[in-house]
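Structural overview for review
Single-letter residue listing:
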Amino acid sequence: MKRFNKTFLAISITLASSQAMAAGFQLNSQSATGLGRAMAGDAVIADNASVLSRNPAAMALFKDKAVSLGITYADVQVEVDNVSSSTTDFGSDDSAGSGKIIPNAYYIQPINESWAMGFAAFSNFGTGTDTSDITKNTTANTQAPIDLLGETEITSIDFNASVSYRFNEYFSLGLGVDFVYGTGKLTRNGPLYFPGTSTVIVADQTVADVEASGWGVGGIAGLVYEINENNRIGLSYRYSPTINADGDNNDSVGALTSASTYGYYNQIEIPLPNIAQLGGFHQITEHFALSYTAQYTQWGEFDRITLLDCASQTSLTSTTPTACTDPGSDYVLKEYQWDDSWLFSVGGTYDINDTWTARIGYMYDQGVVGDLSSLSIPDSDRNWYTGGVSYHFNQKSSLDLGIAFVRGKKTHLTETSSLIGDVTATTSSNAVYYSMQYSYNF
């Protein structure tokens with residue numbers, strides 16, 4: 001059976017939060033049109049099929065079949081400065097971020113005047129960083145925190161199926177089910193020394209080489225209230241699942257742990273946060289519309305990572321696994337003290353003429369890390385400045401473009417390495433999102 005080393009998975013899931021460029025490791029890039037207005041009003045605008053990612057009830061606003069196909073590229077810039085212990089400065093890395101491609105697809109099918117259904121594929125969570133250059137540049141005979149530095153890649157994909165029902169001219173309800181597939185990759189390697197000496201144990205020790213994947217089932221419920229043809233409000237609540245992932249931990253050794261804590265488990269349990277969103281849309285003039293969003297993410301529910309079904313454990317001197325002291329038991333891998341977070345955005349849409357539409361937006365995204373900060377989670381409050389345009393080929397089809405400049409704050413952090421104790425650093429993260437989609441109403 002496939003197994004996990006619990007120590008290195010603790011590192012991998014902690015680092016999963018590092019640079020998603022939204023609170024925690026959440027993404028806000030489900031469409032080009034939404035990105036252009038800072039995702040403001042996305043739960044109710046319904047200018048194309050991508051509204052399905054935020055509120056299934058908004059499908060009731062469509063009279064014809066609609067499809068949207070899009071892709072977003074996140075150019076993430078991460079700086080990790082002055083990584084040091086009490087005695088050693090390990091250096092900096094001004095290019096620890098990595099680019100990420102985020103595709104999406106949506107389809108809405110009205111059934112009759114009351115019912116509609118839809119299908120979607122998009123991503124709500126993801127990240128990617130590589131801080132391995134710091135360990136490569138470490139001075140000879142100096143033990144670096146190789147358990148904290150390296151490559152991390154986390155991705156989730158939502159496959160959604162939804163229905164909506166229109167009660168009357170004012171109220172519509174939507175329900176959907178999410179099948180969420182999560183994947184993760186972690187590598188940690190570097191020179192390993194005997195504690196307190198300059199004697200090399202291994203010149204290039206692989207302490208973690210983890211690949212994992214798993215599924216979870218969640219859901220979403222939404223409501224739309226149409227005040228009149230120019231004003232409407234949408235509300236949605238997404239129940240995010242707990243992902244049970246399994247996979248391979250290749251070539252890892254127990255050199256960083258004691259025999260009493262080094263063990264193998266068959267699955268890791270990762271709770272994802274629930275998301276509540278309120279959005280409004282108001283057509284102020286014939287050409288200009290105002291939209292806004294308030295989003296509440298329950299990151300406080302992301303309180304622990306648990307390993308399931310203990311299978312075996314080993315010692316520092318033996319490669320032969322021995323029985324668990326409590327076979328089949330679970331293990332709380334890491335406790336968190338994250339806070340629930342708010343996101344607020346406002347956007348404007350201006351129809352220049354029948355061919356061109358312009359968008360602009362601003363978003364304030366609140367960080368989630370509470371009293372317990374770490375090098376592994378350089379989260380902070382972020383400001384999003386966004387814009388976009390649509391070119392309408394005709395009344396049925398359009399090419400939509402969006403761009404977002406994301407700016408985070410510098411954060412001073414501390415993390416504990418199993419090798420050398422406390423490690424401090426200063427991190428800063430910025431990003432530019434580029435998004436494009438094609439939308440068509442049949």
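Residues numbered from 1 in each chain as written. Predicted model: local features only at pLDDT ≥ 70, side-chain atom pairs only at ≥ 80, totals over all residues. Heavy atoms only, no water.

1. Considerations on the pairing of strand 19 (residues 382–392)
Let me state the cut-off plainly: Two strands are counted as paired when DSSP detects at least two bridges linking them. Helix and strand assignments follow DSSP, with helices taken as H or I runs no shorter than four residues and strands as E runs no shorter than two, numbered in order from the N terminus.
As judged from the 10 bridges shared by strand 18 (residues 356–365) and strand 19, these two strands associate in the antiparallel manner. Its bridge partner lying in strand 19, Thr357 is registered against Ser390. Of the strand pairs in this sheet, strand 19 and strand 20 (residues 397–408) are connected by 11 bridges, and their pairing is antiparallel. Each bridged residue has a counterpart across the sheet, and for Thr386 the counterpart in strand 20 is Ala404. Counting the residues that bridge the hairpin from strand 19 to strand 20 gives 4 residues.

2. Looking at the side chain of Ser84
Operational definition: A simple rule labels every residue: compare its accessible area, found with a 1.4 Å probe on the protein chains alone, to the largest value its type can have, and call it buried under 20%, exposed over 50%, or partly exposed in between. Note on definitions: a residue-residue contact is assigned when non-hydrogen atoms from the two residues lie within 4.5 Å.
By the secondary structure assignment, Ser84 is in strand 2 (residues 66–84). Classification of Ser84 by relative accessible area gives buried; the value is 16%. Each residue touching Ser84, except ones within four places of it in the same chain, is listed here: Asp89, Phe90, Asp422, Val423 and Thr424.

3. Considering the packing of aromatic side chains
Short version of the rule: Between 30 and 60 degrees the pair is tilted, below 30 it is stacked and above 60 it is edge-to-face, where a pair is any two Phe, Tyr or Trp rings, Trp via its six-membered ring, whose centres lie within 6.5 Å. For a lysine, the NZ atom is tested; for an arginine, the CZ atom; a charge sits over a ring if that atom is within 6 Å of the ring centre and within 35 degrees of the ring normal.
Evaluation of the coordinates by the stated rule reveals 15 aromatic pairs. Judged by centre distance (4.9 Å) and plane angle (50 degrees), the ring pair of Tyr296 and Trp342 falls under tilted. With a gap of 46 residues between them, Tyr296 in strand 14 (residues 288–297) and Trp342 in strand 17 (residues 341–351) connect regions that are remote in the sequence. Take Tyr296: its relative accessible area is 26%, and that puts it in the partly exposed class. Of the aromatic side chains, those joined through ring pairs into one cluster are Trp356, Tyr391, Phe393 and Tyr438. The aromatic ring of Phe442 is capped on one face by Lys65, whose charged end is 5.3 Å from the ring centroid.

4. What about the confidence of the model for the protein?
Close reading of the predicted structure is inappropriate where its pLDDT is low. Selection rule: Residue-level confidence of the predictor is what pLDDT reports, using numbers from 0 through 100.
Averaged over all residues, the pLDDT of the protein is 79; the fraction at 70 or higher stands at 74%. Per-residue pLDDT stays below 50 along residues 312–323; that stretch engages in 23 contacts with residues further than four places along the chain or on separate chains.

5. So, the pairing of strand 17
Note on strand geometry: in a regular strand, side chains alternate between the two faces of the sheet. Where strand 14 lies against strand 17, 10 bridges are found, and the strand directions are antiparallel. What sits directly across from Leu290, in strand 17, is Gly348. Across 9 bridges, strand 17 lies against strand 18 in antiparallel orientation. Following the sheet pairing, Gly348 is matched in strand 18 by Ile360.

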